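Examining the three-dimensional arrangement
Residues per chain are reported as follows:
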Amino acid sequence: MADQESASTENELGYEQARDALMEVVRQLETGGTSLEESLALWERGERLAKVCQRRLDGARARLDAALAAEQDGGPEATQ
């Protein structure tokens with residue numbers, strides 16, 4: 001249940017927040033000193049955070065592509 005709540009919370013993060021959290025996970029893994037179980041949990045969290053970052057980047061790319069396409073088409077968005 002806690003994993004589902006954590007994943008739900010992670011999905012609500014913005015790109016910068018997810019990136020910062022991912023960087024902290026990487027730092028903790030590189031530092032070591034955690035048990036195998038803790039390391040696995042960190043790795044899984046890192047994977048979820050990386051997916052959040054990728055979704056945010058994909059969304060930004062789609063918005064940029066749409067804006068560029070609208071500009072090329074001379075649509076109403078081009079004047080804004």
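To be clear, the structure that these remarks concern was listed above.
Notes on the structure in this doc start here. (Residues numbered from 1 in each chain as written. Predicted model: local features only at pLDDT ≥ 70, side-chain atom pairs only at ≥ 80, totals over all residues. Heavy atoms only, no water.)

1. Observations regarding the overall build of the protein
Along the protein, the regular secondary structure elements total three helices and zero strands. Walking the protein from its N terminus toward its C terminus, one meets helices and strands in the order α-α-α. Here the protein, with 80 residues, has 15% of them falling under the buried criterion. When contacts within the protein are restricted to residue pairs at least 6 apart in sequence, long-range pairs at least 24 apart make up 72% of them. (Helix = DSSP H or I, 4+ residues; strand = E, 2+ residues; numbered from the N terminus. Buried < 20%, exposed > 50% of the residue type's maximum accessible area, 1.4 Å probe, protein only. Contact = heavy atoms within 4.5 Å.)

2. Some remarks on the pattern of salt bridges
The tally for this structure, following the rule as stated, stands at five salt bridges. For Arg-48, the salt bridge is made with Glu-10, and the minimal N-O distance between the two is 2.7 Å. Remark: Glu-10 occurs in helix 1 (residues 2-11) and Arg-48 occurs in helix 3 (residues 36-73); sequence separation between them is 38 residues. Relative accessible area serves as the criterion here: at 23%, Arg-48 is assigned to the partly exposed category. For Glu-10, a relative accessible area of 2% gives the class buried. Residues participating in the shared-partner salt-bridge network are Glu-10, Arg-45 and Arg-48. (Salt bridge = Lys/Arg side-chain N within 4 Å of Asp/Glu carboxyl O.)

3. Quick word on a negative patch on the surface
A contiguous patch of negative charge, built from Glu-37, Glu-38, Glu-44 and Glu-47, is present on the exposed surface. Summarising the element assignment, Glu-47 is placed in helix 3. (Patch = residues over 30% accessible without salt bridge, like charges linked within 9 Å, V, L, I, M, F, W, Y side chains within 5 Å. Areas by Shrake-Rupley, 256 points an atom, 1.4 Å probe, with all protein chains shown as cover. Lys, Arg positive; Asp, Glu negative; His and termini not counted. Charge placed at Lys NZ, Arg CZ, Asp CG, Glu CD.)

4. Focus: the nonpolar core
With eight residues, the main nonpolar core is built from Leu-13, Ala-18, Ala-21, Val-25, Leu-42, Leu-49, Val-52 and Cys-53. Taken together, the elements giving at least two residues each to this core come down to helix 2 (15-31) and helix 3. If one sorts the elements of this core by residue count, helix 3 sits on top with four residues. Ignoring anything within four residues of it in the chain, the contact list for Leu-13 reads Ala-18, Leu-49, Val-52 and Arg-56. (Core = buried A, V, L, I, M, F, W, Y, C linked by side-chain atoms within 4.5 Å.)

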